[in-house]
Amino acid sequence: MKITMIGTGYVGLVTGTCLAEVGNDVLCLDVDARKIDVLQSGGVPIHEPGLEPMIRRNVAAGRLRFTTDVDAAVGHANVQFIAVGTPPDEDGSADMQYVLQAARNIGRRMTQWTLVVDKSTVPVGTGDRVRATIAEELAARGVDVPYAVASNPEFLKEGAAVEDFMKPDRIVIGADNERAIAILRSIYAPFQRNRERLLVMDVRSAELTKYAANAMLATRISFMNELANLAEKLGADIEHVRQGIGSDPRIGWHFLYPGVGYGGSCFPKDVKALTHTAERAGTPLQVLAAVEAANDAQKLVLVDKIVAHFGDDLSDRRFALWGLAFKPNTDDMREAPSRVIIEALAGRGATISAYDPVAMDEAKRLLGDMEHLSFAASPIAACDGVDALVVVTEWKEFRSPDFDALSRRMKRPLIFDGRNLYEPDFVRGAGFEHVSIGRR
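My aim in this report is to walk through the structure given alongside it, one point at a time. Here the structure is a predicted model, which is why all the values come from computation and not from measurement. Along each chain, residue indices are assigned from 1 in the same order as the chain's sequence is written. Given that this is a predicted model, residues contribute local features only at a pLDDT of at least 70 and side-chain atom pairs are listed and counted only at 80 or more, while totals for whole chains, interfaces and linings are drawn from all residues. Only hydrogens and water are set aside when side-chain values are computed; all heavy atoms of the structure are taken into account.

A few words on the overall build of the protein chain. Here a strand is any run of E in DSSP of at least two residues, a helix any run of H or I of at least four, and the numbering for each starts at the N terminus. Across its full length, the protein chain holds 18 helices and 14 strands. For this measure, only C-alpha atoms enter the radius of gyration; the expected value for a globule follows 2.2 Å times N^0.38, where N is the number of residues. Taken against the 2.2 N^0.38 rule, which gives 22 Å for 440 residues, the C-alpha radius of gyration of the protein chain at 24 Å falls within 12% of a compact globule. In terms of overall dimensions, the protein chain has a C-alpha envelope of 75 × 45 × 45 Å along the principal axes. For the protein chain, the residues scored as buried account for 53% of the 440 residues in total. For the protein chain, the proportion of contacts with a sequence separation of at least 24, taken over those separated by at least 6, is 72%. With the model as given, the accessible surface of the protein chain reaches about 19,200 Å², and the carbon-plus-sulfur share is 50%. In this tally, Asp and Glu contribute negative charge and Lys and Arg positive charge; neither His nor the terminal groups of the chain are included. To locate a charge, take NZ of a lysine, CZ of an arginine, CG of an aspartate or CD of a glutamate. For the protein chain, the distance from the average position of its 51 positive side-chain charges to the average position of its 60 negative side-chain charges is 4 Å. For the exposure calls, accessible area comes from a 1.4 Å probe over protein chains only, and a residue counts as buried if that area is under 20% of its type's maximum, exposed if over 50%, partly exposed in between. Contacts: residue pairs with any heavy atoms within 4.5 Å of one another. Computed with the Shrake-Rupley method and a 1.4 Å probe, the accessible areas treat only the protein chains shown as cover for residues.

To continue, consider the pattern of salt bridges. Opposite charge on two side chains lets them pair, provided their charged atoms get close. The salt bridge definition used is simple: a Lys or Arg side-chain nitrogen within 4 Å of an Asp or Glu carboxyl oxygen. Counted by the stated rule, this structure contains 29 salt bridges. A salt bridge links K269 to D270; its shortest N-O distance comes to 2.9 Å. As a salt-bridge pair, R365 and E362 come within 2.7 Å of each other at their nearest N and O atoms. Of the two residues, R365 and E362 are both situated in helix α15 (residues 360–367); the distance of 3 residues between them amounts to about one turn of the helix. A single salt-bridge network, built from bridges that share partners, covers D128, R131 and R204.

Read from one edge to the other, the open sheet built from 6 strands follows the order β11-β10-β9-β12-β13-β14, with strand pairing classed as parallel. Each of the sheet's edge strands pairs with one partner strand only, and the pair in question is β11 (373–375) and β14 (433–435). With direction set aside, neighbouring strand axes in the sheet form an average angle of 20 degrees. A pair of strands counts as paired when DSSP detects no fewer than two bridges linking them. In this sheet, β11 lies alongside strand β10 (residues 351–355) in parallel orientation, the contact comprising 3 bridges. Every axis in this analysis is a line fitted to C-alpha atoms, fitted for helices over the stretch in contact. Angles between the N-to-C directions lie between 0 and 180 degrees.

Once that is clear, we can look at helix α10 (residues 238–246). The set of residues buried in α10 consists of I238, E239, R242 and G246. Projected down its long axis, α10 shows its buried positions confined to an angular sector of 105 degrees, all on one face. Elements in contact with the buried residues of α10: α9 (203–234). Polar contacts, as counted here, are pairs of nitrogen or oxygen atoms within 3.5 Å of one another; within protein the pair requires one atom able to donate a hydrogen and one able to accept it, and residues that are adjacent in sequence qualify only if both atoms are side-chain atoms. The N-cap residue of α10 is D237: its side-chain oxygen and the backbone nitrogen of E239 are 2.9 Å apart. The arc in question is traced by the directions running from the helix axis to the C-beta atoms.

Moving on to the nonpolar core. Residues belong to a common nonpolar core when they are buried Ala, Val, Leu, Ile, Met, Phe, Trp, Tyr or Cys residues joined through side-chain atoms within 4.5 Å. Within the largest apolar cluster, 58 residues are counted, with the highest numbers of intra-cluster contacts made by F319, W322, L324, L345, L389 and F416. Apart from residues no more than four positions distant in its own chain, F416 is found in contact with L302, K305, I306, H309, F310, A388, L389, V390, V391 and V435. Membership of the second largest hydrophobic core comes to 41 residues, among which are V11, A83, A150 and L198.

Moving on, we come to the environment of A388. Tracing the backbone through its elements, the reader meets A388 in strand β12 (residues 388–391). C-alpha separation for the pair A388 and G244, spaced 144 residues apart in sequence, amounts to 32 Å. Look past the residues within four positions of A388 in its chain and what remains in contact with it is F310, R318, F319, A320, M410, L414 and F416.

What follows covers the layout of surface pockets. The rolling of a water-molecule-sized probe over the atoms marks out the regions of remaining empty space. Considering only enclosed or pocket space, the second largest pocket measures out at about 1,500 Å³ in volume. If you tally residues by element for the lining of the second largest pocket, the top one is helix α5 (residues 97–109), at 5 residues. Residue polarity follows a fixed list, in which Ala, Val, Leu, Ile, Met, Phe, Trp, Tyr, Cys and Pro are nonpolar, Asp, Glu, Lys and Arg are charged, and the others, Gly among them, are polar. For the lining of the second largest pocket, the residue count by class is 20 nonpolar, 14 polar and 15 charged. Cavity and pocket criteria rest on a 1 Å grid covering protein atoms alone: a 1.4 Å probe that fits but cannot get out defines a cavity, protein on both sides within 12 Å along at least 5 of 7 lines defines an open pocket, and an atom within 4 Å of a point defines a lining residue. Grid points are joined across faces, edges and corners, and a volume is the space filled by probe spheres set on the points.

Turning next to the environment of S186. The topology assignment puts S186 in helix α8 (residues 178–188). With relative accessibility at 42%, the residue S186 sits in the partly exposed group. Here the alpha-carbon distance between S186 and M1, two residues 185 residues apart in the chain, equals 9.1 Å.

Summed over all chains, the structure comprises 2 cavities of 30 Å³ or more. There is about 40 Å³ of room inside the largest cavity. Lining the largest cavity, in full, are Y262, P268, V271, K272, E292, N295, D296, K299 and E335. Considering only enclosed or pocket space, the second largest cavity measures out at about 40 Å³ in volume. When residues in the lining of the second largest cavity are grouped by element, the largest group, 3 residues, is from α9. Looking at the lining of the second largest cavity, its residues break down into 3 nonpolar, 4 polar and 3 charged.

The next point concerns α8. Buried within α8 we find A180, I181, I183, L184, I187 and Y188. In an axial view of α8, the angular spread of the buried residues amounts to 165 degrees, which keeps them on one side of the axis. A side-chain oxygen of the first residue of α8 lies 2.9 Å from the backbone nitrogen of R179; this N-cap is N177.

Within 6.5 Å between ring centres, the rings of Phe, Tyr and Trp (the latter by its six-membered ring) count as paired, and their orientation is classed by plane angle as stacked under 30 degrees, edge-to-face over 60, tilted in between. This structure, assessed with the given rule, holds 12 aromatic pairs. Seen from their ring centres, F310 and F319 are 5.5 Å apart, and the 75 degrees between their planes marks the pair as edge-to-face. Each member of the pair, F310 as well as F319, is classed as buried. Ring centres of F403 and Y422 lie 5.6 Å apart, and the angle between their planes is 80 degrees; on these two criteria the pair is classed as edge-to-face. On the criterion of sequence distance, the pair formed by F403 in helix α17 (residues 403–409) and Y422 in the loop between β13 (414–417) and α18 (424–429) is long-range, its members being 19 residues apart. Owing to a relative accessible area of 8%, F403 belongs among the buried residues under this scheme. Grouping aromatic residues by their ring pairs yields a cluster made of F403, Y422, F426 and F432. Geometrically, a charge over a ring is one whose NZ (Lys) or CZ (Arg) sits within 6 Å of the ring centre while staying within 35 degrees of the ring normal. The residue whose ring lies beneath R170 is F155, and the NZ or CZ to ring-centre distance is 3.7 Å.

Spatial relationships are all this shows, so hold off on functional conclusions.
Structure, rendered in C-alpha cells:
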C-alpha cells in the first residue's frame, strides 16, 4: 500500500519506518529541509533504539523515501497520515496550526478519494476541524473529491517506540467510514497476527483516549511521588509501599517508581491540553491540576535536599549530575527534570559537571552557554573533585558504578539519588551517605 506520512518528527518517523518495514511504500514529508537532508544522507535526527538500522534497511529496499515536495507527497498516496507537532500554546492548549496546514495542503491538491488519518496527539474535535478545512479547500477549487477523516492516536514510549509499534498492546481507530476502517485494518494487519488488537470507535472517543491514557500515567507518577515525600515524613520506606500496592492486580506495577518528576514531549503537554479542554467544556479536571502542580514541585525536591544539606549558598560547591534526558534511551530533554535542577543549582552559585550517555549534544545545544555548567566525557570523570553526585536519569550504566573509584574521585562520598537507583544499605556499606526519594 502507498502511504504518505506528513511530519518526520518522533511519531512520524517511527510510524513511517515501521509501516515500510512490513512492505508498504512510504513517502515521508517534512517542511524542514535540514531534517530531510539529514535523512536523505543516511542520518537520523532523533535517538531511538533500533530505528536507524530499520530506516537504512527500508531506504535501501526502496520502500521508504523522504521529501519536502508537498505536491509529490499528496500525489503519492490516497492514505495521508498527519503526524506533525502540536506544541503547547501560551494558555496550555495544543497549537493546531501545523495539523490544519497539513489538512489545507491535502485539500488543495487531492484528486482522488483520500483517507486522512490524524496520528498527531490532538484535542477532541480535531477530526471535525480537519474535515471542515479540507472541505473549504475543495470548495475554493470548485471540485468535489470524496474523502474520509480518521483518528489513529499513537501510544509509543520514547526509548521503546520501535518495539511498541511492531508489537502493540492496542491499536485505536476512530472512524465512521467503513472504507476508512477497512483500509486501516489492512494497514495494521501485519502487527496483530496472533490476536486482535484493533479497537474501533468514533473519532472523538479515539481523540480523548490518547489524552486520557497519558493523563492517567502522569497521575500515577505524581501520586507515587507525593506518597514518597509522605513516607519520608512518616519514617516509612516507599519501596516497601510500592511492592505492597503493586502486587494488587487492580493496581499493577507500572509507573509506580518515585523520582524527580516526569518530563518529555508528551505528559506535560498532554496534561495541560486536556486540562484546557476540560475547562473550555465547563468541566474542570481538578485531579489533573493537582497532578501538574505536584510534578512541578517534585522537580525541585532533590534541590531542596541539597540545600538542606549544604545551605542555600552553593557558590563554593561542585556537583556531578548523571542524566540529562528526561528518561533513559532517548536524547529528548523537553521538560526534563535535569533542566530545572541545573538551573536551580546554578542559580545558587553551584558548579555542575554533567554527563549523559546520549543527550550530551542536545544538552549542549540547549544549555551550552549556561554559566557554571560543564560536560564530562564519562560518568566517573564528572565526579572529579565534587561535593556530591546527583543522579537524575536512571540509565542502566549508572546502576552499578564502581563505588571505590567514585569515592577516590569525590571530595566527599555523598549521593543524592533522584531515581532510587541504589539500595541505601548497600551504598552506605560502601562508605557513602545516600539521600533518596522516600527510602528509609
